[in-house]
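Given next are the chains, with one letter for each unit.
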Amino acid sequence: MHILVYIDQLAGAATGLSRELLTGARALAGADGRVDALLIGGDPAAVTGLGADRVLSIRDPRLDRYNPETFTACVAEVADREKPDLLLFGYCTAGLDIAPYLAIGRDLPLVSYCTRIDAEGGCLNVESQIYGGKLVAASSVDLPAVLLVNPGVYREVEEGTDSAEIVEIAAPDLAAAGTTFLSATEPDPNAVDITKAERLLCVGRGIGDKEAIEDAREAARLLGAELVGSRPVIDAGWLPKERQVGKSGRKVKPRLYVALGVSGAPEHLEGMATAGTIVAVNSDPRAPIFDHAHFGATVDAADFIEALTDALDR
Amino acid sequence: MGSTTLALIIVMAAALALAGYRFYGVLAPVLRAPAAARFDRPGERAAGVLRDVGLHRRLFRKTYVGIMHGMIFSGFVVLFTAILQSFGSGLFPGFGLDFIGGSTWIALLQEVFAVLILAGIGMAAYQRLVLRPARFRGSNGADAWIIYGLVMAVVATMILEHAFRIVQAGSDPWRPLSSAVAGLLGGAGENAVTGEHVFYWAHIAAVLGFLIYIPGSKHRHIFTAIPNIYFRELRGKGVLSPARDGAEGSGISDIDQFDWKHKLDLVSCTECGRCQEACPANAAGLPLSPKKVVMDLRDHMFAREKGCQLDVPLIGGVISEETLWACTTCRACMDVCPVHIEPMTKIVEMRRSLIDAGSVEPMLQDALVSLQRNGNSLGKPARQRARWTKDLGFKIKDARKEPVDVLWFVGDYASYDPRVQRITLQVAQVLADAGVDFGILYDGEQNSGNDVRRAGEEGTFEVLAKSNIEALEGCTFNRIMTTDPHSLNALRQEYRMFGCDYEVVHYTQLLLELAEAGRVVLGDGGGKVVTYHDPCYLGRYNGGFDAPRALIARAGFTLHEMGRCRENSFCCGAGGGRIWMDDRTMTERPSENRIREALALGDVEFFVVACPKDTVMYTAAVQALGVEDRIMVRDMIDLVTASRNADIGTELRRGNG
Amino acid sequence: MHVAVVLRLGPDLTEELEINADGTDIDREWIGFKLNDLDDQALEEAVLLKEASGAKVTALALAGEGVERQLQTAIARGADDAVQVGHDLENPGSRAAAHLLAPVIRDLGVDLVLTGVQTSEDVFGQLAPFLAGLLKWRVVNGVNGVRIAGEGLEATQEYSGGYAARFALPVPTVLGVQAASQPPRYVSGSRLRQASAVPVRTLDAALPEGFAPPAVASLNLPERSNRAEMIEGDAAAVVAKLLQTLSERSVLGG
């Protein structure tokens, strides 16, 4: 199987999702398959160590930053040239811009929000997330096909030897592109928008006291998570209001939500129940949070923080 | 014609013209305003005037003020005879009230009440200067002092005039005060004649000056209070005024859309601040003071009369949106006002126009959309309304399918909120054990719409009400019971506008009946000390104070009342749609204020509630204050079921909350 | 400028979804349907564009249960016109919808199409880029702020991690909306009732020859149950097991 993986970039580097796709592509393609990485703009040399057989690269001054119109035209150029069996995109903005547009234009089947892909002859059996994750939709597509894959399905490929061959492809005519870039916004390192964080560590009343907040803050940092709190913690002034999760705070949907000493009152659940993976730690085994978490433990929250800090610090 | 008479006629004409012009400025907007149907039931209306004016019934809720105002008020009534005498004798020389005792007992009364007035003003000045009650904050202090001064002037000039006359004519046993003052004035002679003359005119001037000053002062209430009380709302406390059916949509968005009774309210306010003091939103630090709403509307009305503020919008300019959304519709302001002003009704009218314009507090918007879609404010599917019944050991009758004696209208929070569901289950169990023939509407029930209406959403209220009524029409039952006072109010009072007349009882009433009939046996609460919070919509709105107290007593608990109990109960802050709104800007939640009040009693173990929203609000308050070890929130049903057990203490301490 | 907003109804996700007897779809008989959240945002953005620049707004939807009412509500929200597109499919997915709507959009003389960037069930692809692909128009997805500028428009596109970029582009264009410039406004109960008297017109459309809509082979429950998987042991043991599990599930790296 010949698989073409679209490499999405953010802040000048291949995204974690793209690196996951490369792992998945390799698994699907198998021993006698071919995995090519498709890089529009950016430096192909930075991508050669990610396990693809080739890096198909289009470079042009007009491609120095993402643009839906020009990038779609470039991907189309390569896809038409290479005619791969499978076009893999991550479920990200660029994927949404490009994949369906190409699929309908070339009459290719497309499946989105994929959480599992299995190859069976000239066919793919795919599972997709549907209805906010409440159900799973299984479908079958014949190759050639286009897939939009969810984050977290594969592990990110490890950086290895720079073994991929770089193939420079000429950009199509981009002069007629009408979409022009005006300005960019970058996240302010000081301001915190907890709704954009991928991981959140939430502390509730069961955390103990204000001093415990500092320990939690350190644990969050080590975990790569933002520290947030349930309402009582904000009311007590231990954390500022922009870090409140819940009905009257922010509604969040991170990939990982760790709730420490949070009982799981309805107003709090409303703010986080759709998170990807929810871990709850509460000394009360009857706390309602356990009915809404994926994993739980009844150890003391402070002990948990200490153990977590130790483990991550190593 | 004597020179005095001529002079008096000229002065009076000028003064009355000026006063009349000023009165006109005050009354013109009132008289010009849209109609209000307030001319019915004259007997009842007059009786109310006698109670609140004659007996100072509401004023006496503050004993100090009741006495003070009583003295000044009665003094004014009595001294009206003095005014008659002064002006009468000036206009018609020889005129006097002697033929009915003007020189005897009327004179004595005048003297006595003059002292009472002066004492009253002294009390008023002491209160304003030394006691400085918080409710005066925002009121016009200068106006008050001018009034005290003018009243003193009227009384003093009268006394001095009589004193100077007594200096010439000799001591008058019927005028002890004037006689005493006369003793200080020196001897008879030219000075005395001049003195009498001067103070006669000073008295005239003081009275006329007062008359001219009154229209521009809150003291105009001496004229407007009686009509304002007479024309008060008699339709029923729990019924909101019908929506205006204007081309611009419902609700009020301009001062001239208020009817004449609303405007009469505005010119009757004495800025006493009792409403402000009673308001839970105000206590919570929200930008709402009912007194200020009335004052701001009044000032805006007067400004418009002068042609100013024509561009200032009513909402967003005169009254802010945050102010309007802050109200919990607890009715404390309306029930406490000595002249029966209705700040809450005006707020709801203005909310209606905000709803119509789509300018709604964001969290309220979510609740209203959920109500429109699912018939409940909690965003839950309508089909799951009766899901709580799964945890019972038996199936509750479906009132839509079979006749029942008691139709239990469960309500949103009692159905869906986990903290309240355990109470709902207990109620079901107790009723079943007592052999009550009851049923529920299952998912045929929707939010009663009480607070939807109070949030200003007339359209959705009507949809909810009609849906509930349609469900009820298909049922056979004797009466409706509910644990939720808000639903009780809607079913009993509001739904009348659709032609319904349901008998609706609160579950505490039903439990008491069962206890009295021996169908529910209450054990002994061991004298444990509890305090009871009167829910606004059960107590103040629907007069239900006694059944819960009787149950507490019967169940062997000791009731230690909070200061703000019964009609003076302090709202938990959930009503009027506020439970659906953001409370982050509060300095102290009303529910926390209330828990502190209970804790201050010193010996109370359990805070007893009889409303699902109270359970939610006070449980959260106890948790927020971190006082779970000192006081626990318990529902009435907990006392009933617990007192059947021997070990009360443990039983009551078990469970959530 | 003529703006069309495509509205779609989807199952209310707060309800419990049950799988039908076939196992290929949810049981649609008893659940409530509501306007897709992101289409709600798109509608609000369209009305805001109308208020800012005088654009004409047409609410567009494929015919179905509750659609007429939804289109009337769109008018109560501020749309000028409402059109439902008749067809003979049950529950058309985005791909079929794109084929049905593209000719209608062209015929109506639309300059700008707004719709939600995705729905809860568009497993076979998203409507906005599908429409753009068929119409051969530009598309920008993940849009959170649109403004009409001269003859064209400006839009902000969101990426992950808080990054965003603003583009200027000419019409005709399709935008997949993530969020409106302001939260959707409230429509009072009385206005909703008034809206139920507004007429909605119907235009018919048919799928191209030989078009076979993609179908779900089976719908299943996800593997986990509602109750949390409890991890036993003391804090250190719990942390160790947790980190390992999260790593296996690719929630934490390495």
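None of the values given here were measured: they were computed from a predicted structure. (Residues numbered from 1 in each chain as written. Chains lettered and ligands numbered in written order. Predicted model: local features only at pLDDT ≥ 70, side-chain atom pairs only at ≥ 80, totals over all residues.)

## Section: the overall build of chain B
Moving on, step 1. Counting its secondary structure elements, chain B contains 28 helices and 9 strands.
Moving on, step 2. Viewed in the frame of its principal axes, chain B has a C-alpha envelope of about 100 × 60 × 45 Å.
Moving on, step 3. Residue burial in chain B is summarised as follows: out of 657 residues, 48% are buried.
Moving on, step 4. Across chain B, every contact between residues at least 6 apart in sequence was considered, and the portion connecting residues at least 24 apart equals 79%. (Helix = DSSP H or I, 4+ residues; strand = E, 2+ residues; numbered from the N terminus. Buried ≥ 20, exposed ≤ 12 C-beta atoms within 10 Å, placed from the backbone. Contact = placed C-beta atoms within 7 Å.)

## Here we look at the environment of A:Asp53
Residues and elements named next belong to chain A.
Moving on, step 1. Structurally, the position occupied by Asp-53 is in the loop between strand S4 (34–40) and strand S5 (54–58).
Moving on, step 2. For the pair Asp-53 and Asp-235, spaced 182 residues apart in sequence, the C-alpha separation works out to 55 Å.
Moving on, step 3. When residues no more than four places from it in sequence are discounted, the contact partners of Asp-53 are Arg-34, Val-35, Asp-36 and Ala-164.

## Some details on the nonpolar core
Moving on, step 1. One finds B:Cys333, B:Leu551, B:Phe607, B:Val608, B:Tyr618, B:Leu639 and B:Val640 to be the most contacted residues of the largest nonpolar core, which totals 137 residues.
Moving on, step 2. With sequence-adjacent residues up to four places away left out, B:Val608 is seen in contact with B:Val530, B:Thr531, B:Tyr532, B:His533, B:Ile552, B:Arg634, B:Met636 and B:Leu639.
Moving on, step 3. Counting residues in hydrophobic clusters, the runner-up holds 128 residues, among them A:Ala37, A:Ala103, A:Tyr113 and A:Val149. (Core = buried A, V, L, I, M, F, W, Y, C linked by C-beta atoms within 7 Å.)

## Some points on unusual backbone geometry
Moving on, step 1. Note the cis peptide between A:Leu143 and A:Pro144, where omega equals 0°.
Moving on, step 2. Within the secondary structure, A:Pro144 is located in the loop between strand S9 (135–142) and strand S10 (145–149).
Moving on, step 3. Going from C:Val171 to C:Pro172, the amide bond is cis rather than trans, its omega being 5°.
Moving on, step 4. On the secondary structure map, C:Pro172 appears in the loop between strand S9 (164–169) and strand S10 (173–177).

## Details of the sheet that holds strand S6 (residues 529–532) of chain B
Pairing between the strands of a sheet is mediated by backbone hydrogen bonds and can be parallel or antiparallel.
Residue and element names in this part refer to chain B.
Moving on, step 1. With respect to topology, 4 strands assemble into an open sheet ordered S7-S6-S8-S9, the strand pairing being parallel. Pairing within the sheet leaves two strands with one partner each, and these edge strands are strand S7 (558–559) and strand S9 (632–635).
Moving on, step 2. Judged from the 4 bridges that link them, strand S8 (residues 606–609) and S9 form a sheet pairing that is parallel. Bridge assignment links Val-608 to a residue of S9, and that residue is Arg-634.
Moving on, step 3. Relative to the sheet, helix H26 (residues 612–625) contacts S8 and S9, its axis offset from that of S9 by approximately 170°. (Pairing = 2+ DSSP bridges. Axes fitted to C-alpha atoms, helices over the stretch in contact; angles between N-to-C directions.)

## Quick word on helix H1 (residues 37–53) of chain C
Residues and elements named next belong to chain C.
Moving on, step 1. Helix length check: H1, at 17 residues, gives a terminal C-alpha distance of 24 Å against a target of 24 Å (1.5 Å per residue), a fit within 8%.
Moving on, step 2. With 12 of 17 residues buried, H1 lies mostly within the body of the structure.
Moving on, step 3. Taken residue by residue, H1 has Leu-38, Asp-39, Asp-40, Gln-41, Ala-42, Leu-43, Glu-44, Glu-45, Ala-46, Val-47, Leu-48 and Leu-49 as its buried positions.
Moving on, step 4. Backbone geometry just after H1 places Gly-54 at a positive phi near 75°. (Expected span 1.5 Å × (residues − 1).)

## Description of the pairing of strand S16 (residues 277–281) of chain A
All names here are of chain A.
Moving on, step 1. Of all 5 residues making up S16, 5 are buried, and the element is well covered by its neighbours.
Moving on, step 2. Of the two faces of S16, the one holding Thr-277, Val-279 and Val-281 and the one holding Ile-278 and Ala-280 are both buried throughout.
Moving on, step 3. With 5 bridges joining them, strand S15 (residues 256–260) and S16 adopt parallel strand pairing. Bridging across to S16, Tyr-257 finds its partner in Ile-278.
Moving on, step 4. Regarding topology, helix H6 (residues 266–272) serves as the crossover connection from S15 to the parallel S16, and that connection is right-handed.
Moving on, step 5. In this structure, S16 lies alongside strand S17 (residues 295–297), joined through 3 bridges in parallel fashion. What sits directly across from Val-281, in S17, is Ala-297. (Right-handed = clockwise from strand over helix to strand, strands pointing away.)

## Re the interface of chain C and chain A
It is common to give the size of an interface as the accessible area lost on bringing the parts into contact.
Moving on, step 1. If you look at the interface, chain C gives 68 residues, while chain A gives 67 residues.
Moving on, step 2. Residue assignment for the side of chain C that touches chain A shows that the elements contributing at least two residues are helix H3 (94–107), helix H4 (127–135), strand S7 (138–149), strand S8 (152–158), S9, strand S12 (218–220), strand S13 (229–230) and helix H6 (235–248) of chain C.
Moving on, step 3. Here the side of chain C that touches chain A is composed, by residue class, of 39 nonpolar, 17 polar and 12 charged.
Moving on, step 4. Where S17(A) and S13(C) come together, 2 bridges link them in parallel fashion. Looking at S13(C), one finds that A:Phe295 is bridged to C:Glu229. (Nonpolar A, V, L, I, M, F, W, Y, C, P; charged D, E, K, R; others polar.)

## Side note on the interface of chain B and chain A
Moving on, step 1. Between chain B and chain A, the residue contacts involve 7 residues of the former and 6 residues of the latter.
Moving on, step 2. For the side of chain B that touches chain A, a count of residues per class yields 3 nonpolar, 1 polar and 3 charged.

## Concerning the sheet that holds strand S11 (residues 165–169) of chain A
Moving on, step 1. Reading across the sheet, the 10 strands line up as S11(A)-S5(A)-S4(A)-S1(A)-S6(A)-S10(A)-S7(A)-S8(A)-S9(A)-S12(C) and stay open at both edges, with mixed pairing between neighbours. Two strands bound the open sheet, and with one partner strand each, they are S11 of chain A together with S12 of chain C. Going across the sheet, the axis of each strand differs from the next one's by a mean of 30°, ignoring polarity.
Moving on, step 2. As defined by bridge partners, strand S7 (residues 110–120) of chain A adjoins strand S8 (residues 123–130) of chain A across 6 bridges and the pair is classed as antiparallel. Counterpart to A:Arg116 in the pairing with S8(A) is A:Glu127.
Moving on, step 3. Against the sheet, helix H2 (residues 68–82) of chain A touches strand S1 (2–6), S4, S5, strand S6 (86–90) and S11 of chain A, its axis set at about 155° to S4(A).

## Remarks on the domain arrangement of chain B
Residues and elements named next belong to chain B.
Moving on, step 1. Domain boundaries assigned for chain B yield domain 1 (3–230), domain 2 (255–357), domain 3 (374–513) and domain 4 (521–653).
Moving on, step 2. The partner domain 4 presents 19 residues to the 13 residues of domain 2 that form the contact.
Moving on, step 3. Elements with a minimum of two residues in the side of domain 2 that touches domain 4: helix H11 (280–283) and helix H15 (332–336).
Moving on, step 4. Residue classes in the side of domain 2 that touches domain 4 are distributed as 8 nonpolar, 3 polar and 2 charged. (Domains from an automatic or database assignment.)

## Quick notes on the pairing of S4(A)
All names here are of chain A.
Moving on, step 1. With 6 of its 7 residues buried, S4 lies for the most part within the structure.
Moving on, step 2. Taken together, the 5 bridges between S1 and S4 define a ladder with parallel strand orientation. Bridge assignment links Leu-4 to a residue of S4, and that residue is Asp-36.
Moving on, step 3. The pairing of S4 with S5 spans 5 bridges and is classified as parallel. Within S5, the residue paired with Ala-37 across the bridge is Val-55.

## Re helix H23 (residues 507–516) of chain B
Think of an α-helix as turning once every 3.6 residues; residues three or four places apart then point the same way.
All names here are of chain B.
Moving on, step 1. Among the 10 residues of H23, 7 are classified as buried, and the element is accordingly described as predominantly covered.
Moving on, step 2. Taken residue by residue, H23 has Tyr-507, Thr-508, Gln-509, Leu-510, Leu-511, Leu-512 and Leu-514 as its buried positions.
Moving on, step 3. Packed against the buried residues of H23 are strand S2 (406–408), helix H19 (418–433), strand S4 (479–482), strand S5 (504–506), helix H24 (546–554) and helix H27 (636–642).
Moving on, step 4. One or two positions beyond H23, positive phi appears at Gly-518, with a value near 75°.

## Concerning the packing of helix H4 (residues 105–131) of chain B against helix H6 (residues 176–183) of chain B
All names here are of chain B.
Moving on, step 1. Two numbers describe how H4 lies on H6: the axes approach to 7 Å, and their chain directions differ by 75°. In terms of their interaxial angle, H4 and H6 are classed as roughly perpendicular. Contacts from Glu-111, Ala-114 and Val-115 of H4 reach H6 at Pro-176, Leu-177 and Ser-178.
Moving on, step 2. Along the lines of polarity and charge, the residues of the contact of H4 with H6 split into 4 nonpolar, 1 polar and 1 charged. (Parallel < 35°, antiparallel > 145°, perpendicular 65-115°, else oblique.)

## Observations regarding the environment of B:Glu402
Residues and elements named next belong to chain B.
Moving on, step 1. Following the sequence through the fold, Glu-402 ends up in the loop between strand S1 (397–398) and S2.
Moving on, step 2. Distance from Glu-402 to Phe-164, taken between C-alpha atoms, is 88 Å for residues 238 residues apart in sequence.
Moving on, step 3. Excluding anything up to four places from it in sequence, Glu-402 contacts Lys-397 and Gly-439.

## Some remarks on the confidence of the model for chain B
Moving on, step 1. Looking at chain B, pLDDT values average 91 and 97% of them are 70 or higher.
Moving on, step 2. For this predicted complex, the interface confidence comes out at an ipTM of 0.89, alongside a pTM of 0.86. (pLDDT = per-residue confidence, 0-100.)

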